[in-house]
Amino acid sequence: MLIIDRQETNPYFNIAAEEYFFKSFTEDIFMLWQNESSVIIGKHQNPEVEVNQDYILKYNIPVIRRISGGGAVYNDLGNINYTYIITGEIGKLVDYFRFTSPIIEFLQTFGIHAKLENKSNLTINGEKFSGNAEHIHKTRVLHHGTILFSTSLNDLKAALNVQNMTLSGYSVRSKKSNVTNIIKFLNYKYDLQQFKASLLKFIFNKNLNNNVYILSEKDKKIINELVVTKYSTKKWNYDYSNR
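All values derive from a computational prediction rather than experimental measurement.

Undergrad: Looking at this structure, I do not really get unusual backbone geometry. What am I missing?
TA: Negative phi characterises most residues that are not glycine, and trans characterises most peptide bonds. Backbone geometry places K119, a non-glycine residue, at a positive phi of 70°. Examined against the element boundaries, K119 turns out to sit in the loop between strand 7 (115–117) and strand 8 (121–124). Residue K119 is classed as exposed on the basis of its relative accessible area, which comes to 55%. Not every positive phi belongs to a glycine, and N125 is a case in point at roughly 50°. For N125, the location among the structural elements is in the loop between strand 8 and strand 9 (127–137).

Undergrad: Quick question: what am I supposed to make of helix 7 (residues 217–231) here?
TA: In an α-helix, one turn spans 3.6 residues, which is why side chains three or four residues apart end up on the same side. Along helix 7, the residues classified as buried are D219, I223, L226, V227, K230 and Y231. In an axial view of helix 7, the angular spread of the buried residues amounts to 110°, which keeps them on one side of the axis. Within helix 7, the exposed residues directed more than 90 degrees away from the buried face are E217, K218, K221, V228 and T229. Packing partners of the buried residues in helix 7 comprise helix 1 (11–24), strand 4 (63–65) and helix 8 (234–237).

The rules behind each value
Residues numbered from 1 in each chain as written. Predicted model: local features only at pLDDT ≥ 70, side-chain atom pairs only at ≥ 80, totals over all residues. Heavy atoms only, no water. Helix = DSSP H or I, 4+ residues; strand = E, 2+ residues; numbered from the N terminus. Buried < 20%, exposed > 50% of the residue type's maximum accessible area, 1.4 Å probe, protein only. Arc of directions from axis to C-beta. Contact = heavy atoms within 4.5 Å.

Below you can see the structure in the form of structure tokens.
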């Protein structure tokens, strides 16, 4: 498995990077990454409905569509994103339990008892700290999720318009949840970078035949081209939902 600790925090780059690794690599991959303030919406969502447009315009918060389904999430540098890209057997690729279990096991090392609820949410005492989504293509699955560590929950709530999950035309609405940060449950001082490094080490030790992968200049060039042609465009981020 390739282990990638991505240092870029540009959300356009990071969302494009997922598609790049998903479509261009054959190896199994685990990645950790962070975004600056942004709203990431599911492939089939309408940003005009999901996002507080006045708020994001006022604070210049970008809205970016990802290739997986699911609901809208707010990212800032208090949040950690994780991604698995795995080759598997057709018909058995969708498996939220498989990909969230390592996060649950890692949190247990801190005495934090999390669980998977409603198929795609990780919760602590009924409060959500992680939303997850998947995308399938042939024998490959991309599973990714958020981990709220010290995110501004006020900004999160202000940026998103969420309600009970419904279908609005061809778009999928996000579901409202009570949210929380991991830092609230830690018994001693631990900053985000220490937490992130510990998670990366935990995943590395959990799997065999790992190799650390660092993005090359060629990788970055291709990803940035994908940003220009797709992920920074109005056609993808806003107009796609109106097809």
